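Structural features, examined
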Amino acid sequence: SADGGTNLSLDSIPMGLPMSDPTAWTTAMNNLGMAPMGMTGQPLLPDFDPALGMMTGIPPINPMMPGLGIVPPPIPPDMPAVKEIIHCKSCTLFPPNPHLPPPATRERPPGCKTVFVGGLPENGTEQIIMEVFEQCGEVIAIRKSKKNFCHIRFAEEFMVDKALYLSGYRIRLGSSTDKKDTGRLHVDFAQARDDLYEWECKQRMLAREERHRRRLEEERFRPPSPPPVVHYSDHECSVVAEKLKDDTKFLEAIQTLLTWIERGEVNRRTANNFYSMIQSANSHIRRLVNEKAAHEKEMEEAKEKFKLALSGILVQFEQIVAVYHSASKQKAWDHFTKAQRKNISVWCKQAEEIRNIHNDELMGIRREEEMEMSDEEIEVPSEMKETEESALVSQVEALKEENDSLRWQLDAYRNEVELLKQEQGKASRDEDTTKEQQMKLLQQALQGMQKHLLKVQDEYKKREAELEKVREDKLKIETLLENLKEQESSTSRVCVCSQEKDCPAEKTLSNSPVKSEREVLLVGIISTFLHVHPFGASIEYICSYLQRLDSKICTAEVEVLMTRLQNTFRQELSGVGASLEKRWKFCGFDGLKMT
């Protein structure tokens, strides 16, 4: 059957065939990647490696793998496929010309186990066809046509690959030379409904297995369901209220409280208990705010520690660079060998680069802090106004909520008073005294609640008046800001006009060494750069820095500008012989005293 054919191994294929030339069949099976068998069923090559397939397009045969899953190994293009003469019992197969291209084949259908064989001799029978192709594997059926072709169905897919190897061979029946006894075999893939049906069944089975495996994986990795929430009771309410006050059990308690409220456990009898629990949840906000402030403080302390450590590292880098520079002076430099000098110069350059990187990082941190400080100074007044407004709005909303809650409590007390009045008429005379006392107490409570409600209403009106005042102040400030902006724009126009008037006067000052605004900017940037490098820098280093800002700057322009400004920049020579180096230094402070 087709299911049993998947467990066949290469050793179970019948190979015991009388051959006049045993080496020819051995070579053919070697090209197919199979271990050749002898007359007794023993392998002719005990050390044969099935992965060494020589036939182009034929993958190495693995009985445990399906035919469509076999991937052929890469074969060098210069390795020829050697085909030998194959002698069978009733016929002989002669190989095609090795210089001809391989025979063309159609696209392989999915699950193909059937091949088309054309070019058969006219006198060929099914026995001869079976004799030739049963060496490739178990043949299930042969459908021979009256014309010179047939269809052969094998038990497994990989057997089709071995049958394709015989494509191009010339077949001769016996020793006859008659045309009816000869032919050229053409083997190609054939499309059969049985093969397609079996392949679809196998794919459906694999899909079912994959779905089952995924379902098991999903069930294994599915998170466990949350524990059920207990039903509301006075005892559970007291337990949850205690948990809400504990930081470690707050999450569990707040989830229980949320579930109870969503279930509708809040009523007149339990409203006070729920209010106290909500109040406990509100008090937890203060703890969270304090915890956040503590974390922010820790973060600021960590930033300060990092900045101090970075500054200490930068100081050590400066000392190391100073050691390199002192070693580069002539007193110590002449005593080092050439290799040592080279190493010292390389180390010095690396240390300077790392120092500059750390210095830039520290300066960036300081710039960020200054920007944050300036942003805070700018945003403080507006933030204060917004916070005042938000505080007033929140207070107004809180007063509204308290007002509503007091109204609801008044309604509840009125209902209770009406119930007590109804019960008072029906009750006996002995209970009149106690009911009168209860009525008095309730009336007193009602009076107190009414007074408190009046106070809350007065506060609400005052807050609304304050909120209106704040809004009016905000409108006034906005109008003042608009006026200031208009004044600034007018002053800027006046400045532009004054600058245009002063331009002729500035043009007359052409005797100064700086001739344009571009050169002034270059002088400022070079001065800042050399001020950071107290030991000076070469003209190439300066120009590389400037070219990052403007790629059009050239070395000659910069050097001419610096030579013109002798009181601001000074050129020094350092080193001896081949290590002679020109360095420019900033001497603006000394030049200021001289001028």
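Figured I'd write up the structure that's included with this text. What you are looking at is a predicted structure, and each value in this text was computed from that prediction instead of being measured. (Residues numbered from 1 in each chain as written. Predicted model: local features only at pLDDT ≥ 70, side-chain atom pairs only at ≥ 80, totals over all residues. Heavy atoms only, no water.)

The next subject is the sheet that holds strand 3 (residues 114-118). Backbone-to-backbone hydrogen bonds join strands into a sheet, with any given pair of strands oriented parallel or antiparallel. Read from one edge to the other, the open sheet built from four strands follows the order 4-5-3-8, with strand pairing classed as antiparallel. In this open sheet, the two strands that pair with only one neighbour each are strand 4 (139-144) and strand 8 (186-189). Averaged over neighbouring strand pairs, the angle between their axes works out to 20° when direction is ignored. Of the pairings in the sheet, the one linking strand 3 to strand 5 (residues 149-154) comprises five bridges and is antiparallel in character. Within the sheet, the bridge partner assigned to Phe 116 lies in strand 5 and is His 151. (Pairing = 2+ DSSP bridges. Helix = DSSP H or I, 4+ residues; strand = E, 2+ residues; numbered from the N terminus. Axes fitted to C-alpha atoms, helices over the stretch in contact; angles between N-to-C directions.)

Okay, the pairing of strand 2 (residues 91-94) next. Taken together, the two bridges between strand 1 (residues 86-87) and strand 2 define a ladder with antiparallel strand orientation. Residue Ile 86 lies in a different strand from strand 2, and its bridge partner there is Leu 93. Taken together, strand 1 and the strand that follows it, strand 2, pair antiparallel across an intervening segment of three residues. Relative to strand 6 (residues 170-173), strand 2 runs antiparallel, the two sharing four bridges. Residue pairing in the sheet places Cys 91 in a bridge with Leu 173 of strand 6.

Another point: a negative patch on the surface. A cluster of acidic residues, Glu 397, Glu 401, Glu 402, Asp 404, Asp 458 and Glu 459, forms a negative patch at the surface. Per-element tally for the negative patch: the top contributor is helix 9 (residues 338-426), with four residues. Positionally, Glu 397 belongs in helix 9. What makes Glu 397 partly exposed here is its relative accessible area of 46%. (Patch = residues over 30% accessible without salt bridge, like charges linked within 9 Å, V, L, I, M, F, W, Y side chains within 5 Å. Areas by Shrake-Rupley, 256 points an atom, 1.4 Å probe, with all protein chains shown as cover. Salt bridge = Lys/Arg side-chain N within 4 Å of Asp/Glu carboxyl O. Lys, Arg positive; Asp, Glu negative; His and termini not counted. Charge placed at Lys NZ, Arg CZ, Asp CG, Glu CD. Buried < 20%, exposed > 50% of the residue type's maximum accessible area, 1.4 Å probe, protein only.)

A contiguous nonpolar patch, built from Ile 261, Val 266 and Ile 278 and spanning about 230 Å² of accessible area, is present on the exposed surface. Structurally, the position occupied by Val 266 is in the loop between helix 6 (250-263) and helix 7 (271-327). Using a relative accessible area of 42% as the deciding quantity, one classes Val 266 as partly exposed.

Attention now goes to the pattern of salt bridges. Under the defined criterion, the tally for this structure stands at 22 salt bridges. Between Lys 113 and Glu 198 there is a salt bridge, with the nearest N and O atoms lying 2.9 Å from each other. Residue Lys 113 is located in the loop between strand 2 and strand 3, and its partner Glu 198 is located in helix 4 (residues 193-221); the two are separated by 85 residues in the primary sequence. Assessed through its relative accessible area of 26%, Glu 198 is described here as partly exposed. Arg 583 serves as the salt-bridge partner of Glu 581, at 3.6 Å between the closest nitrogen and oxygen. According to the relative accessible area criterion, Arg 583 is buried, its value standing at 18%. A single salt-bridge network, built from bridges that share partners, covers Lys 113, Arg 153, Asp 195 and Glu 198.

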